Amino acid sequence: MSVIRNTRKASKPNLKRGLVVAATLSIATLGLSACSSAESGNSAAGANSSSAEAAGSALDKDTLVIGFDNTFVPMGFDDNGETKGFDVDLAKAFAESLGKKVQFQNIDWNLKEAELNSGKIDAIWNGYSSSPERAEKVGLSNPYMNNQQVIMVMAGSPVKTKADLNGKNVATQAGSTGEEALLADKDFTAGIQNGQPTAYPTYDQALRDLQVGRVDAIVGDAVLLKYYAKQQGADKFRVLDENFGDEEYVVGVRKNDTRLKEELNKFLEKAKSDGTLETITKKWFN
């Protein structure tokens, strides 16, 4: 995982490449969610978007409603009644820059685009990965962080490679880019147990089942899986060398809300150059 650097000159130092977190490092900060494909169909999203369009831009409101998965550590999660995380801090800074309040709404991650296009939330901001499928449904901001879809097993597992997962139970989160990546690799998926991944509502539930042996491996965001492993004891888990590719975190908004998207991109650019992103990165990724 790495924060995407701003290449412009600025009065304050930009994020350094040293903030890139390699897959082999154990990190107390890598954590949030992943990212989707199996939301409601395009027809449903399109039908819902008309009602959202009538409401105008979210910038016309006093309070921005951010949709998130409240178990996606460390990007956005609830902890003893407090909502916190990397993306939570970043979204708060964005709202403050606009002189607005912000509200975080826990949503079913598998329905996030439908929630957005229906107007129930104003943005998806929680380890939301960019993908062509998502770009068809919502407007995507410029990227601000790099991520990978990795494979994690228990430390004592005999699984060393993708090929070793043949016949095994492989888990992921429903509506995530992890699920999307698995379903796209038809040869791999055909070989695993039941010919498809076991999809959980949250990664938190999948990780608990991994630890008790109900599943053999999890495909998901390096940010979340490594953070979870660090919290539970990094020596209990192992990330395979092979993975399902690189991706970038973005913010999702309604396609018609070009004003909000423009303000988001301005904010993200400024956050990279004025030290805001670096400060939040150090807080959550040490």
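Just so it is clear, the model here is predicted, and its values are computed rather than measured.

Colleague: Sorry if this is basic, but what is going on with the overall build of the protein here?
Modeller: A tally of helices and strands in the protein yields 10 helices and 13 strands. Per-residue burial over the protein gives 52% buried out of 286 residues. In the protein, the share of contacts with a sequence separation of at least 24, taken over all contacts with a separation of at least 6, comes to 80%. Total accessible area on the protein stands at roughly 12,300 Å², and carbon and sulfur atoms take up 46% of it.

Colleague: It is not clear to me how the pairing of strand S2 (residues 63-68) should be interpreted in this structure. Could you clarify?
Modeller: Each regular strand displays side chains that alternate between the two surfaces of the sheet. S2 sits mainly inside the fold: 5 of its 6 residues count as buried. The pairing of S2 with strand S6 (residues 101-106) spans 6 bridges and is classified as parallel. Residue pairing in the sheet places glycine 67 in a bridge with glutamine 105 of S6. Across 2 bridges, the pairing between S2 and strand S7 (residues 123-129) is parallel. Residue pairing in the sheet places isoleucine 66 in a bridge with alanine 123 of S7.

Colleague: What is the right way to look at the sheet that holds strand S3 (residues 71-72) in this model?
Modeller: The strands making up a sheet are joined through hydrogen bonds of the backbone, oriented either antiparallel or parallel. Reading across the sheet, the 3 strands line up as S3-S4-S5 and stay open at both edges, with antiparallel pairing between neighbours. Two strands close off the open sheet at either side, each with one partner strand: S3 and strand S5 (82-84). In this structure, strand S4 (residues 76-79) lies alongside S5, joined through 3 bridges in antiparallel fashion. Counterpart to phenylalanine 77 in the pairing with S5 is lysine 84.

Colleague: Is there a simple way to think about the packing of helix H2 (residues 86-98) against helix H9 (residues 258-273) in this case?
Modeller: Axis angle and axis distance: for two packed helices, these are the angle between their axes and the distance between the axes, and together they describe the pair. The geometry of H2 relative to H9 is characterised by a closest axis approach of 11 Å and an angle of 110 degrees between their N-to-C directions. Judged on the interaxial angle alone, H9 and H2 are roughly perpendicular. Counting all contacts with H2, which are made through Leu90, Ala93, Phe94, Ser97 and Leu98, the residues of H9 involved are Leu260, Glu263, Leu264, Phe267 and Leu268. A class-by-class count of the residues in the contact of H2 with H9 yields 8 nonpolar, 1 polar and 1 charged.

Colleague: Mind showing me how you'd approach H2 here?
Modeller: Quick reminder: α-helices carry 3.6 residues per turn. Residues three or four places apart thus point the same way. Along its 13 residues, H2 runs 19 Å from first to last C-alpha, staying within 8% of the 18 Å computed at 1.5 Å per residue. Here H2 has its buried residues at Phe86, Asp87, Val88, Asp89, Leu90, Ala91, Phe94 and Ala95. Glycine 99, located one to two residues past H2, shows a positive phi value of around 70 degrees.

Colleague: What is the right way to read the nonpolar core from this model?
Modeller: Most often, soluble globular proteins have nonpolar side chains that are buried together. With 49 residues, the main nonpolar core has Phe86, Leu90, Trp125 and Tyr144 as its most contacted residues. The biggest single contributor to this core is helix H8 (residues 222-232), with 7 residues. Once residues within four sequence positions are removed from consideration, tryptophan 125 is found in contact with Ile66, Gly67, Phe68, Asp87, Leu90, Ala91, Phe94, Tyr144, Val251, Leu264 and Phe267. If you look at the next biggest cluster of nonpolar residues, it comprises 13 residues, including Leu182, Phe188, Ala217 and Val219.

Colleague: Which parts of the structure should I look at to understand the packing of aromatic side chains?
Modeller: One pair of aromatic rings is described through two measures. These are the centre distance and the angle between the planes. Applying the stated criterion across every chain, the model contains 9 aromatic pairs. Here the aromatic rings of phenylalanine 86 and tyrosine 144 are separated by 6.5 Å at their centres, their planes lie at 5 degrees, and the arrangement is stacked. On the criterion of sequence distance, the pair formed by phenylalanine 86 in helix H2 and tyrosine 144 in the loop between strand S8 (139-140) and strand S9 (145-154) is long-range, its members being 58 residues apart. In this pair, the class of phenylalanine 86 matches that of tyrosine 144, namely buried. When the ring of phenylalanine 188 is compared with that of phenylalanine 244, the centres are 5.4 Å apart and the planes differ by 75 degrees; the resulting orientation is edge-to-face. You can see phenylalanine 188 sitting in helix H6 (residues 186-191) and its partner phenylalanine 244 sitting in strand S13 (residues 237-253), a full 56 residues away along the chain. Each member of the pair, phenylalanine 188 as well as phenylalanine 244, carries the same accessibility label: buried. In textbook terms, an aromatic cluster arises when at least three aromatic residues are bridged by ring pairs, as seen for Phe86, Tyr144 and Phe285. Between the NZ or CZ atom of lysine 162 and the centre of the ring of phenylalanine 244, over which it lies, the distance is 4.0 Å.

Colleague: Can you help me understand unusual backbone geometry in this one?
Modeller: Glycine aside, residues mostly have negative phi, and peptide bonds are mostly found in the trans state. Cis geometry marks the peptide bond from valine 73 to proline 74, where omega comes out at -10 degrees. Within the secondary structure, proline 74 is located in the loop between S3 and S4. Of note in the backbone geometry, asparagine 80 takes a positive phi value of approximately 55 degrees without being a glycine. Relative to the assigned elements, asparagine 80 resides in the loop between S4 and S5. A relative accessible area of 80% means that asparagine 80 is categorised as exposed. Positioned with a positive phi, asparagine 194 is a non-glycine residue whose angle comes to about 65 degrees. Along the chain, asparagine 194 falls in the loop between H6 and strand S11 (198-200). With relative accessibility at 65%, the residue asparagine 194 sits in the exposed group.

Thresholds applied
- Each chain carries its own residue numbering, running from 1 in the written order of its sequence.
- Residues qualify for local features only when their pLDDT is at least 70, as the model is predicted, and side-chain atom pairs are given and counted only at 80 or more; totals for whole chains, interfaces and linings, by contrast, use all residues.
- Based on all heavy atoms of the structure, the side-chain values leave hydrogens and waters out of the count.
- Starting at the N terminus, helices and strands are each numbered in turn, a helix being any DSSP run of H or I of at least four residues and a strand any DSSP run of E of at least two.
- With a 1.4 Å probe rolled over the protein chains alone, any residue whose accessible area is under 20% of its type maximum counts as buried; one over 50% counts as exposed, and the rest are partly exposed.
- Residues count as neighbours in contact if any of their non-hydrogen atoms are within 4.5 Å of one another.
- All accessible areas in this document rest on Shrake-Rupley with a 1.4 Å probe, and a residue is counted as covered only by the protein chains that are shown.
- Two strands pair if DSSP finds at least two bridges between them.
- All axes are obtained by fitting lines to C-alpha atoms, using only the stretch in contact for helices, and the reported angles, taken between N-to-C directions, cover 0 to 180 degrees.
- For classification purposes, angles smaller than 35 degrees are called roughly parallel, those larger than 145 roughly antiparallel, those between 65 and 115 roughly perpendicular, and all remaining angles oblique.
- Here the nonpolar group is Ala, Val, Leu, Ile, Met, Phe, Trp, Tyr, Cys and Pro; Asp, Glu, Lys and Arg are the charged ones; every other residue, Gly included, is treated as polar.
- One less than the number of residues in a helix, times 1.5 Å, gives the span that helix is expected to have.
- By nonpolar core we mean a set of buried residues, namely Ala, Val, Leu, Ile, Met, Phe, Trp, Tyr and Cys, connected to one another through side-chain atoms within 4.5 Å.
- Note on aromatic contacts: the rings of Phe and Tyr and the six-membered ring of Trp form a pair at centre separations within 6.5 Å, being stacked when their planes are under 30 degrees apart, edge-to-face when over 60 apart, and tilted otherwise.
- Charge over a ring is defined by NZ of Lys or CZ of Arg lying within 6 Å of the ring centre and within 35 degrees of the ring normal.

Interpretation in functional terms is not warranted from these geometric data alone.
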